[in-house]
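Overview (structure and organization)
Listed here are the chains, written in short residue letters.
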Amino acid sequence: MKKAGCLLAGVLALVLAIGAIWFLSGWWGTAEIDEDTNFIVPSGASLTSVADKLGDEGLIANPEGFLLRAKLFGSSDPIMAGEFLLPAGVSNAQILDTFQHGEVIRRFVTIPEGLPSVLVHERLMAEDHLTGEIPVPVEGSVLPDTYDFERGEARSAVLARMQAAMQNYLAEAWPKRAPDIAVDNVKDAVILASIVEKETGVARERRMVAGLYSNRVKDGMLLQADPTIIYPLTKGKPLGRRIRQSEIAAINDYNTYTMVGLPKGPITNPGREAIAAVLNPAETSARYMVADGTGGHAFAETLEEHNRNVAEWFEIRRRRGEM
């Protein structure tokens, strides 16, 4: 009898050991994930609902077992909402730790310098991982940059960050402006910066172009900036053709060929560098510029000098077969 009792005790110990190994392996052993998988924890979800969702998606074998082991062996820290990457071969323990302490997957949208608001709107609406509707933002209210967002985030929240970034940059940059610049308020600085942004894509020219237009503003000259002709026609989208004489002569609140001073509003969303150029323009006597055939511009102080530069530009275009 004594031997039989010892044998039974040994069998029970073995069964318990096997059961313990099985129970523990169900937590620290590999889950059901064979390849890297993105998983979304909904906002406000409980661990129970997340376990059920993991089971429904075939990522764990037993939601009830997952919950029991989580309560016994897991951290009591709350789970986070968001999209998470669950790598192939991850354990149930690692799944819970990812939801509690891991990094939410961030996605990115880039707004380049000089992108008008109609195209900012199109870009945000085209992001399938964002939700909700937004209006076309006010021109000049978005700071060009790369912004991160979470899957399922509202477009309005992302747009609000873009606009807050512009306000914060302006609040930082305006007090650092040079004395006696051509504009006396932030709104006009953004308007003039939007013209600078559209007139040159050459970084080294920004302060020179800003200086030239600042001189024209101070002198009460027509700015004669071609992008201000185009903006009322397309809201900043490419015109796709040459400007017509009737459009040059059009009278409206933007066309700086027929009005003195700044347009009534920005013609695009200027970047940091264009705004900084307006707030600290180059010291120059230039009042005129024309393309030089290299992507930049030839600058002139007098109309006579400018006319020579224009003649050279026309000759370049003729040699290219453009005229």
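Residues numbered from 1 in each chain as written. Predicted model: local features only at pLDDT ≥ 70, side-chain atom pairs only at ≥ 80, totals over all residues. Heavy atoms only, no water.

1. What about the confidence of the model for the protein chain?
Summary statistics for the protein chain give a mean pLDDT of 88 and a share of 90% for residues scoring 70 or more. Mean pLDDT across the elements of the protein chain ranges from a minimum in helix 1 (residues 2-28), with 51, to a maximum in helix 5 (residues 117-125), with 98. Confidence drops under pLDDT 50 across residues 15-24; counting only partners more than four residues distant or on other chains, this segment forms seven contacts. (pLDDT = per-residue confidence, 0-100. Helix = DSSP H or I, 4+ residues; strand = E, 2+ residues; numbered from the N terminus. Contact = heavy atoms within 4.5 Å.)

2. Remarks on the side chain of S194
Inspection of the secondary structure assignment puts S194 in helix 7 (residues 186-199). Discounting residues that sit within four places of it in the chain, S194 has contacts with P266, I267, T268 and P270.

3. What about the pattern of salt bridges?
One pass over the full model with this rule turns up 16 salt bridges. A salt bridge links R287 to D219, with the shortest nitrogen-to-oxygen separation between them at 2.8 Å. Highlighted residues: R287 in the loop between helix 11 (272-279) and strand 5 (288-291) and D219 in helix 8 (residues 206-219), separated in sequence by 68 residues. Within the structure, one salt-bridge network assembled from shared partners comprises E83, R107 and R151. (Salt bridge = Lys/Arg side-chain N within 4 Å of Asp/Glu carboxyl O.)

4. Let's talk about the packing of aromatic side chains
What the rule picks out here adds up to three aromatic pairs. Geometrically, the ring pair formed by F39 and F99 is stacked, given 5.4 Å between the ring centres and 25° between the ring planes. With F39 in strand 1 (residues 37-41) and F99 in helix 4 (residues 92-101), this pair connects stretches of sequence that are 60 residues apart. On the basis of relative accessibility, which here comes to 0%, the residue F99 falls in the buried class. Through a chain of ring-to-ring contacts, three or more aromatic side chains come together here, namely F39, F84 and F99. (Phe/Tyr/Trp six-rings, centres within 6.5 Å; stacked < 30°, edge-to-face > 60°. Buried < 20%, exposed > 50% of the residue type's maximum accessible area, 1.4 Å probe, protein only.)

5. Looking at a negative patch on the surface
Residues E32, D34, E35 and D36 make up a contiguous surface patch of negative charge. Of note, D36 is situated in the loop between helix 1 and strand 1. (Patch = residues over 30% accessible without salt bridge, like charges linked within 9 Å, V, L, I, M, F, W, Y side chains within 5 Å. Areas by Shrake-Rupley, 256 points an atom, 1.4 Å probe, with all protein chains shown as cover. Lys, Arg positive; Asp, Glu negative; His and termini not counted. Charge placed at Lys NZ, Arg CZ, Asp CG, Glu CD.)

6. Let's talk about the environment of Y147
On the secondary structure map, Y147 appears in strand 4 (residues 145-149). On the basis of relative accessibility, which here comes to 8%, the residue Y147 falls in the buried class. Along the sequence, Y147 and I111 sit 36 residues apart, while their C-alpha atoms lie 8.1 Å from each other. Sequence-distant contacts of Y147, that is, excluding residues within four places in its chain, are made with R107, F108, V109, R161, M162 and A165. Looking at Y147, its side chain comes within polar contact range of the main-chain oxygen of L143, at 2.5 Å. (Polar contact = N/O pair within 3.5 Å; in protein donor to acceptor, adjacent residues only side chain to side chain.)

7. Details of the pairing of strand 5
With four bridges joining them, strand 5 and strand 6 (residues 297-300) adopt antiparallel strand pairing. Within strand 6, the residue paired with Y288 across the bridge is A300. Connecting the antiparallel pair strand 5 and strand 6 is a turn made up of five residues, with G293 showing a positive phi of about 90°. (Pairing = 2+ DSSP bridges.)

8. So, unusual backbone geometry
We note that D180 has phi near 60°; this positive angle belongs to a residue other than glycine. With respect to the element layout, D180 can be found in the loop between helix 6 (155-173) and helix 7. In the Ramachandran plot, Q224 falls in the positive-phi region, its phi being about 50° despite a non-glycine side chain. Within the secondary structure, Q224 is located in the loop between helix 8 and helix 9 (226-234). Classification of Q224 by relative accessible area gives partly exposed; the value is 35%.

9. Some remarks on the side chain of E139
Mapping E139 onto the fold places it in the loop between helix 5 and strand 4. In this structure E139 is buried but unpaired, with K235 as the nearest side chain of opposite charge at 7.4 Å. In this structure the side chain of E139 is engaged in a polar contact, spanning 2.8 Å, whose partner is the backbone nitrogen of S117. What E139 contacts, discounting residues up to four positions off in sequence, is L115, P116, S117, Y231, K235, P266, I267, T268 and N269.

10. Overview of the nonpolar core
If you look at the biggest cluster of nonpolar residues, it comprises 47 residues, and the most contacted ones within it are L124, M162, V183, Y213 and V278. Looking at which element gives the most residues to this core, the answer is helix 6, with eight residues. If near-sequence neighbours (up to four positions away) are discounted, M162 is found in contact with V109, I111, L124, S141, V142, L143 and Y147. I33, I60, V90 and I95 belong to the second largest nonpolar core, which has 18 residues in total. (Core = buried A, V, L, I, M, F, W, Y, C linked by side-chain atoms within 4.5 Å.)

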